[in-house]
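Observations on the three-dimensional arrangement
Here is how the chains run, residue by residue.
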Amino acid sequence: MNGKNGFYATLLTVAVILAFLAPRAAVNVDEQLHYPHAKKVVNWYFTAGRDTSCLHTPETNLKYYGQSVDNLTALVNRIFKVEDEFLVRHYTGALFFLLLLYFTGLMSRRLSGSWLAATLSVIALVLMPRLSGHAFGNLKDIPFAAGYMAGLLMIGRFLKELPRPRWQTTILLGLAVAFTVSVRAGGLILFAYLGFSMIIFFIIYPARLNQILSDKPLLASLPGRGFAVVTIGYFAGLLFWPYALQNVFVNPLESLRVMEHYKIGIRQLFEGELIWSNMLPWYYLPKWLMISTPLFVLTGFFLFLVFFISEMIREKTLSTRFLFEGFVLFSCIFPVFYVTVIGSNLYSGIRQMLFILPPMAILATLGVYKTIHKIASIKKMAVYPLSLLFIFLLSLPVYHQVTTFPVDYVYFNALAGGNKKAWSNYEYDYYFHGLKEPAEYLIGIAGDRNVTVAMNSNLSNYFDGHDNITFQYTRYMERSSADWDYGLFGVNYIHPYLLKNDLWQPAGIMRTFYHRGNPLAVLVRRQDKSDYIGISELNKLNLLSATTLLERALKNDPNNVWLHANLAKARLTAGDIDGFEHYVRKGKEIHPFYEPFFLLEAGRLFDEGKYSKSHEKLIELFRINPAYQPAEKLYLEVKEKIERTRDTF
């Protein structure tokens, strides 16, 4: 089998694996957000624009997403009346992941001239859990990465054909840009890449520029091709994007601005601390790349940089090879540099930047390829142990992927100490893939009984078709305020203090589900509803019955700080200051960073007229959580009282 056949055989093998895994993939929380919006987008077209619900998304900002692939699946499901809508989505995701592999392989082949290197690049991507683990349900980042790679590939071909690029290349380049833009407005960056790479090209090859300037027909035709790329790439990318079509010259750029500085903050676990995503340190993305990228890719990428810099210094001239290698390197490094400089609101690890991983894998493969050739020229026998070392590094993620699917995307390399040390220090299962297994387990034990299931995610889809199971969303810490029989809770967005000190577990755990030895989710059976009824009584100001019920509930669930907070509130409302301080103190012994305790203390001080002390308590609260919204109203009232007091004196 020759190299080219091996490349396509590898793609075929991956396609078979993807087809097998797609029905077994988990639904992620973003699917439950973007897919309903995609249905509204499709209905906008079917109603000729009369249904404008897809244009009004004040809380989710979904109108700013092109999300063309999400929209495509909604269209297919609507036309063909598909019952298992998420299965269509997962097969679609697998298809675009396969396209991503294909375009990456072709780019690798172009840089290295080797089909073996192309095959190795494909395998490197497949064995990159943070990328391949998104293959099924992530219909934004994976298709965007596929479009990004297709755009890079066609830009490379366009440059290679200068000064007379073919119309076929021109149109394909425009379509690649259009598709990428249709997924996210960030695809517009490909226009900048084309312009920048052409400037560099003509600096390196001034004779080509002189040839164009001296040939009038050629000078006239090249701008036409550029115009075609821009026209196709821009306007075709807006065809399945209702918000962009409202004003084709303003709204896409507005969407790009919104995406660069996303207003919605998401609290993230990073380096053992909970930090809002718009307040994360500048090195958030570089750090995540270092701890979640397989060692094969990191090592190969470093080796490539060594070769690239040393060869450039030694040769002192910029050849075509340096141009194309530099172009792929730029496409990998520049996005990281750009989002870092402008302070983009990043979250969920490297998810929003998955598109830089394929170029990184290409260069890593090239680095390995060059290293082996270099060693072979010095000492041929040394190639074999070196090759075995690279194969070992390449295969490191395999066991993780096989044993953790469909939660295989949660991967940390040895630099992070592996998954064991990353748990409770870095964001873990942010997509809640880990709830698939416990949901299926619960369906089995529920049988035909009518039960209400509480979850700290929006994944109600697991209970579709089970009319006896009612879904109830609740925040994990405030689970006692909801009415439910069973609870399925992912161990996410919980304060690291609770995680590290084993204080997060609720009462009534039937089973804990693990991931590489780390708790991932728990199935809880409620013992009684005295906590729920007690909080309901407190809301009705029935203080005696509320206190009795909540104290009974606290005996059964002693680490439930939400119960401590509600008991403190009940005691304070009843005028029992000693009781109030008792429950606040006991609660803080369990969770010293729990915001409701500080808010209750600040409120008490405010009611007592101690405005300065109330202000100090609120400042203490905002140091813990600068964006704690429940405290904002009281904070404004305290400031107003303090200012009035100063004016009086």
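This text goes with the structure placed above it.
Here's a quick rundown of the structure. (Residues numbered from 1 in each chain as written. Predicted model: local features only at pLDDT ≥ 70, side-chain atom pairs only at ≥ 80, totals over all residues. Heavy atoms only, no water.)

**Regarding the overall build of the protein**
Per the secondary structure count, the protein includes 28 helices and 7 strands. Since a compact globule built from 649 residues should have a radius of gyration of about 26 Å, the 28 Å found for the protein is in line with a globular shape. Dimensions along the principal axes, computed over C-alpha positions, put the protein at roughly 90 × 60 × 55 Å. When the 649 residues of the protein are sorted by exposure, 55% land in the buried category. Within the protein, residue pairs in contact and separated by at least 24 positions form 70% of the contacts whose partners lie at least 6 positions apart. Of the roughly 28,700 Å² that the protein leaves accessible, carbon and sulfur atoms contribute 61%. Computing the positive centroid from 63 side-chain charges and the negative centroid from 50, the protein places the two 10 Å apart. (Helix = DSSP H or I, 4+ residues; strand = E, 2+ residues; numbered from the N terminus. Rg over C-alpha atoms; globule rule 2.2 N^0.38 Å. Buried < 20%, exposed > 50% of the residue type's maximum accessible area, 1.4 Å probe, protein only. Contact = heavy atoms within 4.5 Å. Areas by Shrake-Rupley, 256 points an atom, 1.4 Å probe, with all protein chains shown as cover. Lys, Arg positive; Asp, Glu negative; His and termini not counted. Charge placed at Lys NZ, Arg CZ, Asp CG, Glu CD.)

**Concerning unusual backbone geometry**
With an omega of 10°, the peptide bond between Leu162 and Pro163 qualifies as cis. With respect to the helices and strands, the residue Pro163 is situated in the loop between α7 (141-160) and α8 (167-183). At Ala48, a residue that is not glycine, the phi angle is positive and equals roughly 55°. Note on placement: Ala48 falls in the loop between α2 (31-46) and α3 (68-80). Residue Ala48 is classed as exposed on the basis of its relative accessible area of 64%. Although it is not a glycine, Ser348 sits at a positive phi angle of roughly 60°. Residue placement: Ser348 occurs in the loop between α16 (320-342) and α17 (357-378).

**Remarks on the environment of Asp557**
Topologically, Asp557 is positioned in the loop between α23 (543-556) and α24 (561-573). By relative accessible area, Asp557 is classed as buried at 11%. As for Asp557 and Gly508, which are separated by 49 residues in sequence, their C-alpha atoms are 8.4 Å apart. Apart from residues no more than four positions distant in its own chain, Asp557 is found in contact with Arg479, Pro506, Ala507 and Leu563.

**Focus: the nonpolar core**
Within the largest apolar cluster, 185 residues are counted, with the highest numbers of intra-cluster contacts made by Leu131, Phe412, Val453, Phe463 and Trp504. Ranked by the residues each element gives to this core, the list is headed by α7, at 13 residues. Sequence-distant contacts of Val453, that is, excluding residues within four places in its chain, are made with Leu442, Phe463, Ile469, Thr470, Phe471, Gln472, Tyr486 and Leu488. Membership of the second largest hydrophobic core comes to 12 residues, among which are Leu621, Ile624, Ala631 and Ile642. (Core = buried A, V, L, I, M, F, W, Y, C linked by side-chain atoms within 4.5 Å.)

**Digging into the side chain of Ser114**
By the secondary structure assignment, Ser114 is in the loop between α4 (85-112) and α5 (115-126). Take Ser114: its relative accessible area is 8%, and that puts it in the buried class. One polar contact links the side chain of Ser114 to the main-chain amide nitrogen of Ala117, over a distance of 3.1 Å. If sequence neighbours within four positions are ignored, Ser114 has contacts with Arg109 and Tyr369. (Polar contact = N/O pair within 3.5 Å; in protein donor to acceptor, adjacent residues only side chain to side chain.)

**Structural notes on the pairing of strand β7 (residues 518-525)**
Side-chain positions along a regular strand alternate between the two faces of the sheet. For β7, a buried count of 7 out of 8 residues is recorded, marking the element as mostly surrounded by other parts of the structure. Note: strand β5 (residues 486-490) against β7, 5 bridges, orientation antiparallel. Looking across to β7, one finds that Gly487 is bridged to Val524. (Pairing = 2+ DSSP bridges.)

**Brief notes about α24**
Compared with an ideal rise of 1.5 Å per residue, which puts 13 residues at 18 Å, α24 spans 18 Å between its outermost C-alpha atoms and is within 8% of the ideal. Looking only at α24, the buried set comprises Val561, Trp562, Leu563, His564, Ala565, Asn566, Leu567, Ala568 and Ala570. On its buried face, α24 sits against α22 (530-539), α23, α25 (577-590) and α26 (595-607). N-cap assignment for α24: the residue whose side-chain oxygen lies 3.1 Å from the backbone N of Trp562 is Asn560. Taken from the residues just after α24, Gly575 is the one with a positive phi, measuring 85°. (Expected span 1.5 Å × (residues − 1).)

**A word on a nonpolar patch on the surface**
Together, Trp167, Ile171, Leu172 and Leu175 give the surface a local cluster of nonpolar side chains, amounting to about 360 Å² of exposed area. Structurally, the position occupied by Trp167 is in helix α8. Judged by its relative accessible area of 43%, Trp167 is partly exposed. (Patch = residues over 30% accessible without salt bridge, like charges linked within 9 Å, V, L, I, M, F, W, Y side chains within 5 Å. Salt bridge = Lys/Arg side-chain N within 4 Å of Asp/Glu carboxyl O.)

**Digging into the pairing of strand β6 (residues 509-515)**
Direction of pairing for β6 relative to β7: antiparallel, over a ladder of 6 bridges. Paired with Ile509 across the strands is Val524, a residue of β7. As consecutive antiparallel partners, β6 and β7 are separated by 2 residues, and within that stretch Arg516 has a phi angle of approximately 50°, a positive value.

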